[in-house]
Amino acid sequence: MQDFIDNLFLDIMAKTVNGKSNLNVIGVGSGSGELDLKMFSALHHKNPGMTVDNEVIEPNPQQLHGYKDLVSQTPGLDYIKFNWNKMTAEEFQEQWKEKKGTEKADFIHMFQVLYYVKDPGATISFFQSLLNKNGQLLLILDSGNAGVVKMRNTYRNQLGTTEVNRSTGDVRLFLDSMGVSYRSYVLPTKVDITKCFIEGDEEGEMMMDFLTQVLDFSKTASPELKARVMEFLRCPEFSVESNSKVLMTSNYELIVLEQLTSGRKQI
């Protein structure tokens, strides 16, 4: 992911930040903020005079607290103004409609968010409608061949969901069917999941919650289900073990949409 930020991300954002003194950003599902701050750092290094207004949307209170802690411990962020929203993407959308919001954003990113919304098309359409001229919406999800997607779909009934886990393949099919233009990039990634196999490790348990999309999975799952899921994640088809670490292949795909212009089809 760092290679993406240092290279492809800056190329994607070049048109958006060109000539900007201030960048309006909406981060949907920003988690504990590590990716956000890395992106801002790269942009700031390239555009040191630009300020950032950052609207953070994150429903998980632990993740939001972690983001705030990270900000307080990271020096040199005086160029960023943070506005915190403990809510889901859909709650933000409803609030926006209720207050009849008119503000626009230059950059909106949604990392691993479309798994959790009821209507991904409506969610994409709403956030795309908030883009300024030259604004861009970045959607990041697991590609269809990622191990975590296959794990979720294999055990979805036992994990308590009857829906097939969405991947960028599903999103691309939807966008193609609607005639919406976009650009896509594959981001080969290996995720260190070693701590998932350390009993009682807090960070590992939070990672398992994310991987399975089940709150407190390590504490609530039956020993049999937990063993099967852990074995699946460690399968050589999806993970490699190197230097006492378990690295899971989790290729992400990035889909980029721009502001809708007259004559272009809305989702």
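Please read all numbers here as calculations on a predicted model, not as lab measurements.

**Student:** Give me the lowdown on the overall build of the protein chain, citing residues and values where you can.
**Tutor:** Tallying secondary structure elements over the protein chain gives eleven helices and ten strands in all. Its C-alpha atoms give the protein chain a radius of gyration of 19 Å, within 12% of the compact-globule value 18 Å for 267 residues. Its C-alpha atoms give the protein chain principal-axis dimensions of roughly 55 × 45 × 35 Å. Within the protein chain, buried positions represent 47% of all 267 residues. If you sum the accessible surface of the protein chain, you get close to 13,400 Å²; carbon and sulfur atoms cover 50% of it. Computed over 28 positive and 35 negative side-chain charges, the inter-centroid distance for the protein chain is 6 Å.

**Student:** Go over the pairing of strand 2 (residues 51–57) with me, naming the residues and quoting the values.
**Tutor:** Relative to strand 2, strand 1 (residues 22–28) runs parallel, the two being bridged by seven bridges. Looking across to strand 2, one finds that Val28 is bridged to Ile57. Viewed along the sheet, the connection from strand 1 through helix 2 (residues 34–46) into strand 2 turns out right-handed. Crossover strand 2 to strand 3 (residues 80–85) through helix 3 (residues 61–73) is right-handed.

**Student:** Tell me about the environment of Asp53, and please be specific about residues and values.
**Tutor:** Of note, Asp53 is situated in strand 2. Measuring from C-alpha to C-alpha, the distance between Asp53 and Phe82 comes to 6.4 Å, with 29 residues separating the pair along the chain. When residues no more than four places from it in sequence are discounted, the contact partners of Asp53 are Asn22, Leu23, Asn24, Val25 and Lys81.

**Student:** Can you lay out the pairing of strand 4 (residues 105–111) for me, pointing to particular residues and giving the numbers?
**Tutor:** Burial analysis of strand 4 places six of its seven residues in the buried class, the great majority of the element. Sheet analysis places strand 1 next to strand 4, joined by four bridges and oriented parallel. Bridge pairing links Gly27 to His109 in strand 4. Here strand 4 pairs with strand 5 (residues 131–142) via six bridges, running parallel. Bridging across to strand 5, Phe107 finds its partner in Gln136. What joins strand 4 to strand 5 is helix 5 (residues 120–129), and the crossover it makes is right-handed.

**Student:** Can you break down the sheet that holds strand 6 (residues 183–187) residue by residue, with the values?
**Tutor:** Taken together, seven strands build an open sheet; the order of strands is 3-2-1-4-5-10-6 and the sheet is mixed. Whereas interior strands pair on both sides, the edge strands pair on one side only; in this sheet they are strand 3 and strand 6. Taken pair by pair, the neighbouring strands of this sheet meet at an average axis angle of 15°, ignoring direction. Here five bridges tie strand 6 to strand 10 (residues 252–258), and the two strands are oriented antiparallel to one another. Residue pairing in the sheet places Val186 in a bridge with Glu253 of strand 10. Docked against the sheet, helix 5 engages strand 1, strand 2, strand 4, strand 5 and strand 10, running at close to 150° with respect to strand 5.

**Student:** Outline the nonpolar core, listing residues and values.
**Tutor:** Proteins that are soluble and globular tend to have nonpolar side chains buried together. Phe9, Met151 and Leu211 are the most contacted members of the largest nonpolar core, which has 52 residues in total. Filtering out sequence-adjacent residues up to four positions away, Met151 remains in contact with Leu159, Leu211, Thr212, Val229, Phe232 and Leu233. Formed by 27 residues, the second largest nonpolar core is a distinct cluster that contains Ile26, Val28, Ala89 and Val117.

**Student:** Which residues make up the pattern of salt bridges, and what values go with them?
**Tutor:** If you walk through the whole model with that rule in mind, you get eight salt bridges. Among the salt bridges present, the one from Lys219 reaches Glu205, with a minimum N-O distance of 2.8 Å. With a gap of 14 residues between them, Lys219 in helix 10 (residues 217–220) and Glu205 in helix 9 (residues 202–212) connect regions that are remote in the sequence. Among the charged side chains, a salt-bridge network with shared partners connects Lys15, Arg183 and Glu258.

What counts and how
- Residues numbered from 1 in each chain as written.
- Predicted model: local features only at pLDDT ≥ 70, side-chain atom pairs only at ≥ 80, totals over all residues.
- Heavy atoms only, no water.
- Helix = DSSP H or I, 4+ residues; strand = E, 2+ residues; numbered from the N terminus.
- Rg over C-alpha atoms; globule rule 2.2 N^0.38 Å.
- Buried < 20%, exposed > 50% of the residue type's maximum accessible area, 1.4 Å probe, protein only.
- Areas by Shrake-Rupley, 256 points an atom, 1.4 Å probe, with all protein chains shown as cover.
- Lys, Arg positive; Asp, Glu negative; His and termini not counted.
- Charge placed at Lys NZ, Arg CZ, Asp CG, Glu CD.
- Pairing = 2+ DSSP bridges.
- Right-handed = clockwise from strand over helix to strand, strands pointing away.
- Contact = heavy atoms within 4.5 Å.
- Axes fitted to C-alpha atoms, helices over the stretch in contact; angles between N-to-C directions.
- Core = buried A, V, L, I, M, F, W, Y, C linked by side-chain atoms within 4.5 Å.
- Salt bridge = Lys/Arg side-chain N within 4 Å of Asp/Glu carboxyl O.

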